[in-house]
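The chain contents come next:
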Amino acid sequence: MTEAVPSYLSPTGQEIVFLLLGAVAVGSALLVVTTRQLVHAALWLVVCFGALAGCYLVLTAEFVAWVQVLIYVGAIVVLLLFGIMLTRAPIGRSADLDSGNRVVAAVVALATAAILVTVVIDGFRTAYTPLDPGGGAAKELGASIFATWVLPFEALSVLLLAALIGAIVLSRTDIPGGSPPAGPAPPAGPVPGGADPPARGDPAPPDRPSDQTSGGQ
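Residues numbered from 1 in each chain as written. Predicted model: local features only at pLDDT ≥ 70, side-chain atom pairs only at ≥ 80, totals over all residues. Heavy atoms only, no water.

S.K.: It is not clear to me how the overall build of the protein chain should be interpreted in this structure. Could you clarify?
M.R.: Of the regular secondary structure elements, the protein chain holds seven helices and zero strands. Reading the protein chain from its N terminus to its C terminus gives the helix and strand order α-α-α-α-α-α-α. Every one of the 217 residues in the protein chain was classed for burial, and the buried ones make up 10%. Counted over contacts in the protein chain with a minimum sequence separation of 6, partners at least 24 positions apart contribute 65%. (Helix = DSSP H or I, 4+ residues; strand = E, 2+ residues; numbered from the N terminus. Buried < 20%, exposed > 50% of the residue type's maximum accessible area, 1.4 Å probe, protein only. Contact = heavy atoms within 4.5 Å.)

Here's what the structure looks like:
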């Protein structure tokens with residue numbers, strides 16, 4: 001005997017909390033990409049990751065929720081803030097952060113969201129899984145990752161390694177393909193005429209008396 005699927009018109013308390021956290025995540029994600037202040041974007045990213053962690057908690061995936069908080073909120077966002085401070089990036093409003101492609105980006109984002117929502121609703125319209133506690137513990141997730149999903153897990157590891165190597169290549173300037181270094185300084189040797197060049201900061205030597213005499217004659 002199959003369990004009756006609950007109606008969407010009578011949501012439970014868990015579903016209402018999940019919808020509220022999802023709305024917070026979507027709203028903060030929009031603020032991340034629309035704000036013109038880098039620090040505010042990083043802080044809104046913290047809110048977005050926190051809302052996602054709350055969604056994982058509602059879905060009884062406690063281990064994934066704590067990993068979300070520790071790795072993304074506690075490491076990646078802090079690394080982003082340190083990168084902003086160490087590179088002396090502009091803290092205030094930056095007009096150059098607007099690429100001028102807001103209309104195209106909005107159309108692409110709405111089209112992508114419509115496709116994803118349509119596919120998910122069409123594929124899981126009649127699917128219903130009760131939220132049993134303990135389904136998101138470390139034991140179950142570890143057994144699933146390293147038994148069923150081990151090949152996609154290793155492929156993702158190789159993809160992240162390739163992205164890390166590409167970032168290193170793009171950021172280095174002393175390897176082939178990078179931006180050319182600054183030109184060498186001129187040699188500090190004697191001038192072919194026999195006179196030594198004046199040192200930096202010293203005033204130019206006055207004209208020789210012989211030159212003034214010959215010019216007057």
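S.K.: So what exactly am I meant to see when it comes to the packing of aromatic side chains here?
M.R.: Aromatic rings considered in pairs are described by the distance between their centres and by the relative angle of their planes. For the structure on display, the rule yields two aromatic pairs. Measuring from centroid to centroid gives 5.5 Å for F146 and F153, while their planes differ by 65 degrees, and the two rings are edge-to-face. (Phe/Tyr/Trp six-rings, centres within 6.5 Å; stacked < 30°, edge-to-face > 60°.)

S.K.: What's the story with a nonpolar patch on the surface in this structure? I'm lost.
M.R.: On the surface, W66, V69, L70, I71, Y72 and I76 cluster together to form a nonpolar patch covering roughly 580 Å² of accessible area. Locating W66 in the fold gives a position in helix α3 (residues 62-86). (Patch = residues over 30% accessible without salt bridge, like charges linked within 9 Å, V, L, I, M, F, W, Y side chains within 5 Å. Areas by Shrake-Rupley, 256 points an atom, 1.4 Å probe, with all protein chains shown as cover. Salt bridge = Lys/Arg side-chain N within 4 Å of Asp/Glu carboxyl O.)

S.K.: Looking at this model, I keep getting lost on the packing of helix α1 (residues 13-34) against helix α2 (residues 38-58). Mind explaining?
M.R.: For the pair α1 and α2, interaxial distance at closest approach is 8 Å and the crossing angle is 160 degrees. One way to sum up the angle between α1 and α2 is to call them roughly antiparallel. The hand of the α1/α2 crossing is left-handed. Residue-level contacts link Q14, V17, F18, L21, G22, V24, A25, S28, A29, L31 and V32 of α1 to A41, W44, L45, V47, C48, A51, L52, G54, C55 and V58 of α2. (Axes fitted to C-alpha atoms, helices over the stretch in contact; angles between N-to-C directions. Parallel < 35°, antiparallel > 145°, perpendicular 65-115°, else oblique. Left-handed = near helix turned anticlockwise from the far one by under 90°.)

S.K.: What exactly am I supposed to notice about the packing of α2 against α3 here?
M.R.: Any two packed helices are characterised by the angle at which their axes cross and by the distance between the axes. Relative to each other, α2 and α3 sit at 175 degrees, their axes nearing to 8 Å. Between α2 and α3, the crossing angle belongs to the class labelled roughly antiparallel. Contact residues: α2 offers L38, V39, A42, L45, V46, F49, G50, L52, A53, Y56 and L57, while α3 offers E62, V64, A65, Q68, V69, Y72, V73, V77, L80, L81 and I84.

S.K.: Is there a simple way to think about unusual backbone geometry in this case?
M.R.: Most peptide bonds take the trans configuration, and most residues that are not glycine carry a negative phi. One non-glycine residue, T60, lies in positive phi territory at about 60 degrees. Residue classification places T60 among the buried residues on the basis of a relative accessible area of 13%.

S.K.: Help me understand the environment of L131, please; the structure alone is not making it clear to me.
M.R.: Note that L131 resides in the loop between α4 (102-123) and α5 (138-145). Along the sequence, L131 and Q14 sit 117 residues apart, while their C-alpha atoms lie 9.3 Å from each other. L131 has contacts with Q14, V58, L59 and T60, leaving out every residue within four places of it along the chain.

S.K.: How should the side chain of S28 be read in this particular structure?
M.R.: Inspection of the secondary structure puts S28 in helix α1. Within the structure, S28 has its side chain in polar contact with the backbone oxygen of V24 (distance 2.8 Å). Sequence-distant contacts of S28, that is, excluding residues within four places in its chain, are made with W44, V47 and C48. (Polar contact = N/O pair within 3.5 Å; in protein donor to acceptor, adjacent residues only side chain to side chain.)

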